[in-house]
Amino acid sequence: MDVIVRPTEKLSGEIGALSSKNYTTRYLLVAALAEGTSTIYYPAHSEDSDAMRRCIQDLGATIVEDDEKAVITGFGSAPRDVAELNVGNAGAVLRFLMGIAALSSEVKFVNTYPDSLGKRPHDDLIDALEQLGVQVEHHNGRLPITIRGGKPKGGRITVSGEVSSQYLSALLFLTPLLPEDSEITVTGDLKSKVVVGQTLEVLAQAGITIEAADDYTSFRVPGQQSYKAQVYTVQGDYPGSAAVLAAAAVTQSDVTIRNLSEDSKQGERAIIDVLRTMEVPLTHENGNVRVQGNGKLKALEFDGDTATDAVLAMVAAAVFAKGTSRFYNVENLRYKECDRITDYLTELAKAGAQVEERQAEIIVHGRPEGVEGGVEINAHYDHRVIMALTVVGLRSRQPIRIKDAHHVAKSYPQYFDHLQALGADVEWVK
Ligand SMILES: O=C(O)C1=C[C@@H](OP(=O)(O)O)[C@@H](O)[C@H](O)C1
Ligand SMILES: C=C(OP(=O)(O)O)C(=O)O
């Protein structure tokens, strides 16, 4: 399915934020790793969170769900034997479960998105699991991957943080269940460090003790721990909401998003400060973010690694800013659903944006006068490319057509419904 995005001058109205993807995947996982019954209020419903639901059920968890909550009875430290797991296109789900698969005798992760997740590297996690004596069969560090657990004991593990924080998070979920204590040392410059804070927050809520160095370069994890069954509530999602806020910022708008907590550990809450720095009129009170956009934005410089999943939305806003914006420290955007530097900038340039890439930077020469549009966009299987190009399309002179826009459902299936409710001229077409 494609989406046609037509120029839209005004957006107004109020929506509730979607539920956080990162917290949903984590709560589902820790609930599965507990032996009792946990309740998760307001879990996300999207392809990635459904992938975690499907896989933990395959591994022996039961889930009973209604509109408001998921009630999960876990398998504890003993996942059921399963021949294959299919994580769809979900990177975090894959990496977290590669860790947990070390508790099973043999699990094969299949490759259903050869042109997206199938291209992403997992070498650093494979290397760390091998240090625990786990056997891993892989294709040059990529899917399909078979993990043969063989009862790892724990001990000293070194993991690189250079490419993704998800490898470290995977080890933090696994090691508390091992018979011996573990010492994890992180080498290189840890990317997406803030997301590790979300992992530690959820582990603590699940009753797990971990001693973390302040800079996250080392962790001491006592072994023989057990995850406690708990009641969790999923907060609103900043990365997805960032795209809606960017849309409000580039149009004449009065848009409110509810349920975005001011003290969230999501790094992508930086969208608020970024838009403020860009001089977008905005308030954030009692979890309500209200943007009263006038279409005028000022360029900025920003360390993108602190808000990795909101960078594409920020860049889309910068396309219409006065001046040149620079998003630096973003090399790991190259290892996501697509190469979010080269592929994304190719699509932005097609739409008429003036952008430049460096190995670890995105540079945007803003065009306050708008861009031409009138093109077909390749989504590159990437929900965040789809959301960000939609923002650009709203302020293009000619409509743009985003091919295969259904991949937005990886994290935000209701994205276009939300935009339509705010008055955006967007339409699904076959
Ligand atoms: O741990 C997680 O849930 C995630 C970590 C981040 O990935 P990287 O650590 O690879 O940047 C983020 O981009 C992804 O959407 C979710
Ligand atoms: C990169 C993302 O997800 P993942 O790494 O879990 O596939 C994302 O949601 O933008």
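In the annotation of an unreviewed UniProt entry, the entry for the chain reads 3-phosphoshikimate 1-carboxyvinyltransferase, and the organism field reads Paenibacillus campinasensis. Turning to the chain, the UniProt annotation filed under Sequence similarities (unreviewed entry) states: "Belongs to the EPSP synthase family."

Turning our eyes to something else, we now look at the site of ligand 1. Neighbouring residues of ligand 1: 14 residues in total, closest Ser164, Ser165, Ser192, Asp309 and Lys336. Here Arg26 contributes a side-chain N or O atom positioned 2.7 Å from an oxygen atom of ligand 1. Take Gln166: an N or O atom from its side chain is 3.1 Å from an oxygen atom of ligand 1. Starting from 390 Å² of accessible surface for ligand 1 in isolation, the protein chains cover 96%. Spatially, ligand 1 is embedded in the largest cavity. For the shell around ligand 1, the secondary structure elements donating two or more residues are helix 1 (21-32) and helix 3 (91-100). No other element matches the 3 residues that helix 1 contributes to the shell around ligand 1. Here the shell around ligand 1 spans two domains, and each of domain 1 (2-18 + 236-429) and domain 2 (21-223) adds at least three residues to it.

Our next topic: the packing of aromatic side chains. In total, this model carries 9 aromatic pairs according to the counting rule given. When the centroid spacing of 5.1 Å and the interplanar angle of 70° are considered together, the rings of Tyr415 and Phe416 count as edge-to-face. Grouping aromatic residues by their ring pairs yields a cluster made of Tyr412, Tyr415, Phe416 and Trp428.

The positions UniProt marks with the feature "binding site: 3-phosphoshikimate" (unreviewed entry) are Lys21, Arg26, Ser164, Ser165, Gln166, Ser192, Asp309, Asn332 and Lys336. Checking the named residues against the largest cavity, the ones that line it are Lys21, Arg26, Ser164, Ser165, Gln166, Ser192, Asp309, Asn332 and Lys336. Inspection of the secondary structure assignment puts Ser165 in the loop between strand 10 (155-160) and helix 5 (166-174). Residues within four places of Ser165 in sequence aside, it is in contact with Leu190, Lys191, Ser192, Val195 and Val196. With respect to the helices and strands, the residue Lys336 is situated in the loop between strand 19 (324-328) and helix 10 (342-351).

Geometrically, the link from Leu143 to Pro144 is a cis peptide bond, its omega value of -10° lying close to zero. As for its position among the elements, Pro144 is in strand 9 (residues 142-148).

Scoring rules and cut-offs
- Residues numbered from 1 in each chain as written.
- Chains lettered and ligands numbered in written order.
- Predicted model: local features only at pLDDT ≥ 70, side-chain atom pairs only at ≥ 80, totals over all residues.
- Heavy atoms only, no water.
- UniProt positions renumbered as here; feature names shortened; annotations may be inferred.
- Near = heavy atom within 4 Å.
- Polar contact = N/O pair within 3.5 Å; in protein donor to acceptor, adjacent residues only side chain to side chain.
- Areas by Shrake-Rupley, 256 points an atom, 1.4 Å probe, with all protein chains shown as cover.
- 1 Å grid on protein atoms, 1.4 Å probe; cavity = no way out; pocket = protein on both sides within 12 Å on 5 of 7 lines; lining within 4 Å.
- Sits in = over half its atoms within 2 Å of the grid points.
- Helix = DSSP H or I, 4+ residues; strand = E, 2+ residues; numbered from the N terminus.
- Domains from an automatic or database assignment.
- Phe/Tyr/Trp six-rings, centres within 6.5 Å; stacked < 30°, edge-to-face > 60°.
- Contact = heavy atoms within 4.5 Å.

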